[in-house]
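Take a look at the letters that make up each chain.
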Amino acid sequence: MLVGGMGTRLRPLTLTVPKQMLPVGGRPMIEHVVEHLAAHGVDEVVLALGFQPDAFVAAFPDARCCGVRLSYAVEAEPLDTAGAVAFAASRAGVDETFLVCNGDVLTDVDLSALVAFHRRRRALATIQLTPVEDPSAFGVVPTDGSGRVLAFLEKPPPGEAPTNLVNGGIYVLEPEVLATIPAGRRVSIERETFPGLCGSGRLYALGSQAAWLDAGTPRSYLEANLLHAEGVPLPAGVAPSAVVERSVVAPDAWVGERARVERSVLMAGARVEPAAVVVESILGPGAVVGEGASLAELCVLGAGASVGAGEELVGVRLPEP
Ligand code: GDD
Ligand code: MG
């Protein structure tokens with residue numbers, strides 16, 4: 001599982017917590033991903049780590065998550081997606097068909113069916129595809145009728161994508177693919193490895209209509225949380241006169257009298273002071289919104305950030321990343 005990126009788009013949240021350790025519905029994002037893998041019979045996951053590796057090791061002290069055995073491969077320098085896969089696979093001694101997944105993708109796609117398709121086609125590599133509205137933010141993957149990949153176009157200019165089926169960030173790979181990844185430098189699986197494999201005729205892809213979300217931007221991270229908003233109980237620290245709607249509020253967060261919180265995430269120890277309004281925004285650990293202040297349109301407060309009483313912020317990141 002690739003979990004070593006810098007989480008740039010989620011700054012300032014990721015200045016203190018790596019992306020896949022940020023909470024989604026009150027649990028670290030990575031737990032949702034591992035749980036899904038476990039449901040399809042995966043019993044061992046190698047975390048390809050780079051940026052802030054200690055947070056992962058500390059979160060799973062017995063090296064288990066959702067019944068799955070974890071091991072760690074920590075890159076000295078970021079090796080990019082293919083470099084990270086090759087490094088982690090060699091550390092773990094992978095010598096059979098294996099799965100790769102981006103650690104920020106939340107989905108219930110049928111992985112068993114993906115592996116079965118891969119085997120039927122005798123593929124070297126199979127990419128899971130998902131339809132999206134704007135393919136320009138993803139890897140665009142046109143295929144022929146049998147699922148053979150014709151090209152791999154990472155983040156093409158808007159309007160130029162030949163299909164809206166994109167790389168879902170989950171792959172089935174044969175160990176032979178590892179030999180095609182040069183060692184000792186950054187290698188992108190999207191820009192180098194997959195385009196290189198197109199000519200082999202053994203790179204396949206399979207689309208699915210399953211729920212799928214890349215939680216790597218403030219908007220999609222918020223969306224991922226809101227999908228869990230119904231299941232998360234309101235904590236004791238919410239004042240009786242406060243209104244909290246469709247939000248995920250950490251157990252020790254605090255919302256004062258007459259405050260209003262809508263479609264937002266309040267992480268551990270966050271505080272919304274009396275009469276403040278927080279709409280479609282994300283409060284990192286210990287962030288504080290002062291009395292009567294208001295936040296709207298995807299404000300993102302990093303750990304410990306504070307907004308003064310009466311301030312009105314729209315679409316602001318604090319601190320500015
Ligand atoms: N270990 C390691 N080392 N992990 C890395 C590195 C690295 O150098 N660089 C990125 N990663 C991890 C990230 O932490 C993330 O889990 C995953 O690789 C993908 O990186 P993102 O930064 O999230 O990529 P993206 O969302 O822009 O695009 C990727 O995902 C899309 C699907 O969500 C691409 O694979 C697209 O083709 C794809 O459509
Ligand atoms: Mg991503």
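Parameters at a glance
- Residues numbered from 1 in each chain as written.
- Chains lettered and ligands numbered in written order.
- Predicted model: local features only at pLDDT ≥ 70, side-chain atom pairs only at ≥ 80, totals over all residues.
- Heavy atoms only, no water.
- Helix = DSSP H or I, 4+ residues; strand = E, 2+ residues; numbered from the N terminus.
- Rg over C-alpha atoms; globule rule 2.2 N^0.38 Å.
- Buried < 20%, exposed > 50% of the residue type's maximum accessible area, 1.4 Å probe, protein only.
- Contact = heavy atoms within 4.5 Å.
- Lys, Arg positive; Asp, Glu negative; His and termini not counted.
- Charge placed at Lys NZ, Arg CZ, Asp CG, Glu CD.
- Near = heavy atom within 4 Å.
- Polar contact = N/O pair within 3.5 Å; in protein donor to acceptor, adjacent residues only side chain to side chain.
- Areas by Shrake-Rupley, 256 points an atom, 1.4 Å probe, with all protein chains shown as cover.
- Pairing = 2+ DSSP bridges.
- Phe/Tyr/Trp six-rings, centres within 6.5 Å; stacked < 30°, edge-to-face > 60°.
- Lys NZ or Arg CZ within 6 Å of the ring centre and 35° of its normal.
- Donors = N, O, S within 2.8 Å, 3.2 Å for Na, K, Ca; no water.
- Core = buried A, V, L, I, M, F, W, Y, C linked by side-chain atoms within 4.5 Å.
- Domains from an automatic or database assignment.

Visitor: Please clarify how the overall build of the chain should be interpreted in this entry.
Guide: Assigned secondary structure in the chain consists of 6 helices and 27 strands. Since a compact globule built from 321 residues should have a radius of gyration of about 20 Å, the 21 Å found for the chain is in line with a globular shape. For the chain, the spread of C-alpha atoms along the principal axes amounts to about 65 × 45 × 35 Å. Counting over 321 residues, the chain shows a buried share of 52%. Restricting to contacts in the chain with at least 6 residues of sequence separation, those with at least 24 account for 52%. Charge-centre separation for the chain: the mean point of 24 positive side chains lies 5 Å from the mean point of 37 negative side chains.

Visitor: Just to check I follow, could you spell out the site of ligand 1 for this structure?
Guide: The full set close to ligand 1 counts 27 residues, and Leu2, Glu154, Lys155, Glu190 and Asp214 are the nearest of them. Within the side chain of Glu154, a nitrogen or oxygen atom sits 2.7 Å from an oxygen atom of ligand 1. In isolation ligand 1 exposes 740 Å². Once the protein is present, 91% of that is buried. Counting residues per element, the ones that place at least two in the shell around ligand 1 are helix H3 (80-92), strand S11 (165-173) and strand S13 (212-214).

Visitor: Explain the environment of Leu70 here, please?
Guide: Following the sequence through the fold, Leu70 ends up in strand S5 (residues 68-74). Remark: the alpha-carbon pair of Leu70 and Pro218, spanning 148 residues in sequence, is separated by 28 Å. When residues no more than four places from it in sequence are discounted, the contact partners of Leu70 are Val45, Phe60, Ala63, Arg64 and Cys65.

Visitor: When you look at the sheet that holds strand S16 (residues 254-255) in this model, what are you seeing that I'm missing?
Guide: Strand pairs in the sheet, formed through backbone hydrogen bonds, run parallel or antiparallel to each other. Strand order across the open sheet formed by 4 strands is S16-S19-S22-S25, with parallel pairing between neighbours. The open sheet is flanked by S16 and strand S25 (306-307), the only strands paired with a single partner. Bridging between strand S19 (residues 271-272) and strand S22 (residues 288-289) involves 2 bridges; their strand directions are parallel. Counterpart to Val272 in the pairing with S22 is Val289.

Visitor: Explanation requested: the packing of aromatic side chains in the structure shown.
Guide: We describe a pair of aromatic rings using the distance from one ring centre to the other and the angle between the two ring planes. Considering all chains together, one arrives at 4 aromatic pairs under this definition. When the centroid spacing of 5.6 Å and the interplanar angle of 70° are considered together, the rings of Phe138 and Trp212 count as edge-to-face. With Phe138 in the loop between strand S8 (125-131) and strand S9 (139-140) and Trp212 in strand S13, this pair connects stretches of sequence that are 74 residues apart. The two residues Phe138 and Trp212 agree in class, both being buried. Grouped by ring-pair contacts, the aromatic residues Phe152, Tyr171 and Phe194 constitute a single cluster. It is Arg271 that lies over the ring of Trp254; its NZ or CZ is 4.0 Å from the centre.

Visitor: Where do I start with the coordination of the magnesium ion (ligand 2) in this structure?
Guide: Metal coordination angles have textbook ideals: 109.5 degrees for a tetrahedral set of four donors and 90 or 180 degrees for an octahedral set of six. At 2.1 to 2.3 Å from the magnesium ion (ligand 2) lie its protein donor atoms, namely Asp104 (OD) and Asp214 (OD). Here Asp104 is found in the loop between strand S6 (98-101) and strand S7 (105-107), whereas its partner Asp214 is found in strand S13, with 110 residues between them in sequence.

Visitor: Is there a simple way to explain the nonpolar core in this structure?
Guide: Taken as a class, soluble globular proteins show a tendency for nonpolar side chains to be buried jointly. Counting residues in each nonpolar core, the largest one holds 40 residues, and the members touching the most others are Met1, Ile30, Leu47, Tyr221 and Ile282. Contributions of two or more residues to this core are made by helix H1 (29-39), strand S3 (44-49), S5, helix H4 (111-120), S11 and helix H6 (218-226). Top element by residues in this core is H1. It accounts for 5 residues. Both domains that furnish three or more residues to this core are identified here as domain 1 (8-217) and domain 2 (228-318).

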